[in-house]
Amino acid sequence: MTVPIYKLTLLGDAYVGKTAILVQYFCENWVPDYEPTVEDSLRKAPCIDGTPVLLEIFDTAGTEQYSSVANQLDAETDGYIIVYSITSRKSFNVLPALYDQLITLKGTKNLKIVIAGNKCDLNEERQVSTAEGQELAKRWGSNCAFFETSAKKRINCEDVFIQIVRIIAANRKLSTNQNKMHLLIVVKFCKNNNKFSIKFEISSTLKRYNLVCYITIYFL
Ligand SMILES: Nc1nc2c(ncn2[C@@H]2O[C@H](COP(=O)(O)OP(=O)(O)OP(=O)(O)O)[C@@H](O)[C@H]2O)c(=O)[nH]1
């Protein structure tokens, strides 16, 4: 059995809680001290919706001092977890520019995102409403979901990872089904003397390599 691999990247401004969410998901642990991330990558093999999967998660530096966002964007990433803090208007306001960079890198169709409005335990310091987060996710389309999270109180930390995997998996399934449909639909019949030939165009993926399969049936 081949275990599906999901490459995920955490993005967002400095100090919003990217590492804290990751630590909660990996270790069920809360680390109150702040140490800016330079770059980190972790692997986890959970079961999601009954399927064993391998997650390769890349934690990026929100601090420009360590790395610029552009340097950390990897085109191989299957899905992004974009984090802001509900206590920081600035961390929310940088998201549209980040989104534009991702669109340039991946294109709209290939972009899968979960937005996490973190530090929701600090409601009294809130600067970004829940509705604003929801509205942004809606604007970014059907391949985007939204959660408010708290790494401190372990709220929705696991859900952001489960949801991004679900979005990616649904898209992978869809593209496989589209190829199958192509195989079923594009069957051409042409009668030639007593010869009856059927032409198959296998799939759009294989078509890239000009692989077209012909099957000829003879009527005696
Ligand atoms: N109250 C509260 N504090 C949090 C939460 N998540 C993170 N913090 C705190 O916010 C600070 C920054 O958290 P990090 O996880 O290091 O933030 P980061 O986004 O990884 O920061 P960079 O590595 O600089 O990009 C730390 O002091 C955390 O303890 C949360 O959900 N609630």
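The name recorded for the chain in an unreviewed UniProt entry is Ras GTPase, from Reticulomyxa filosa.

Tell me what's going on with the pattern of salt bridges, and back it up with residues and numbers.
Scanning the entire structure with this criterion turns up 7 salt bridges. With its nearest N and O atoms 3.3 Å apart, the salt bridge here joins Asp-78 to Arg-172. Separated by 94 residues along the polypeptide, Asp-78 in the loop between helix H2 (69-72) and strand E6 (79-85) and Arg-172 in helix H6 (residues 157-185) bring together distant segments of the chain. Asp-78 gets classed as partly exposed once you look at its relative accessible area, which sits at 21%. Take Arg-172: its relative accessible area is 30%, and that puts it in the partly exposed class. Among the ionic pairs, Glu-148 bridges to Arg-126, the shortest N-O distance being 2.9 Å. One end of the pair, Glu-148, is in strand E8 (residues 144-148); the other, Arg-126, is in the loop between strand E7 (113-118) and helix H5 (130-139), with 22 residues separating them in the sequence.

Tell me about the sheet that holds strand E2 (residues 40-44), and name the residues and values.
The pairing of strands in a sheet comes from backbone hydrogen bonds and takes either a parallel or an antiparallel form. In space, the 6 strands of this open sheet follow the order E2-E5-E1-E6-E7-E8, with mixed pairing throughout. If you trace the sheet from one side to the other, it starts and ends with E2 and E8, each paired once. Here the average twist between neighbouring strands, direction ignored, is 20 degrees. Note that strand E1 (residues 5-12) and E6 share 5 bridges and pair parallel. Looking at the pairing, Gly-12 lines up with Val-83 of E6.

Account for the pairing of E8, with residues named and values stated.
When you tally the buried positions in E8, you get 5 out of 5 residues, the bulk of the element. Side chains Cys-144, Phe-146 and Glu-148 project from E8 onto one buried face, and the interleaved Ala-145 and Phe-147 project onto a second face that is buried too. Note that E7 and E8 share 5 bridges and pair parallel. Its bridge partner lying in E8, Ile-115 is registered against Phe-146. For the crossover that starts at E7, traverses H5 and ends in the parallel E8, the hand is right-handed.

Outline the packing of aromatic side chains, supporting the account with residue identities and numerical values.
By the definition in use, this model includes 4 aromatic pairs. A ring pair is formed by Tyr-25 and Phe-161, whose centres lie 4.2 Å apart and whose planes are at 5 degrees; its orientation type is stacked. One end of the pair, Tyr-25, is in helix H1 (residues 18-27); the other, Phe-161, is in helix H6, with 136 residues separating them in the sequence. Here Tyr-25 matches Phe-161 in class, with each residue buried. Arranged with centres 4.8 Å apart and planes meeting at 65 degrees, the rings of Tyr-84 and Phe-92 form a pair that is edge-to-face.

Go over the side chain of Asn-118 with me, naming the residues and quoting the values.
Assignment of secondary structure puts Asn-118 in strand E7. Assessed through its relative accessible area of 3%, Asn-118 is described here as buried. Within the local environment of Asn-118, its side chain forms a polar contact with the backbone nitrogen of Ala-151, the two atoms lying 3.3 Å apart. Sequence-distant contacts of Asn-118, defined by excluding residues within four places in its chain, comprise Val-16, Gly-17, Ile-21, Val-83, Tyr-84, Ser-85, Ile-86, Thr-149, Ser-150 and Ala-151.

Scoring rules and cut-offs
- Residues numbered from 1 in each chain as written.
- Predicted model: local features only at pLDDT ≥ 70, side-chain atom pairs only at ≥ 80, totals over all residues.
- Heavy atoms only, no water.
- Salt bridge = Lys/Arg side-chain N within 4 Å of Asp/Glu carboxyl O.
- Helix = DSSP H or I, 4+ residues; strand = E, 2+ residues; numbered from the N terminus.
- Buried < 20%, exposed > 50% of the residue type's maximum accessible area, 1.4 Å probe, protein only.
- Pairing = 2+ DSSP bridges.
- Axes fitted to C-alpha atoms, helices over the stretch in contact; angles between N-to-C directions.
- Right-handed = clockwise from strand over helix to strand, strands pointing away.
- Phe/Tyr/Trp six-rings, centres within 6.5 Å; stacked < 30°, edge-to-face > 60°.
- Polar contact = N/O pair within 3.5 Å; in protein donor to acceptor, adjacent residues only side chain to side chain.
- Contact = heavy atoms within 4.5 Å.

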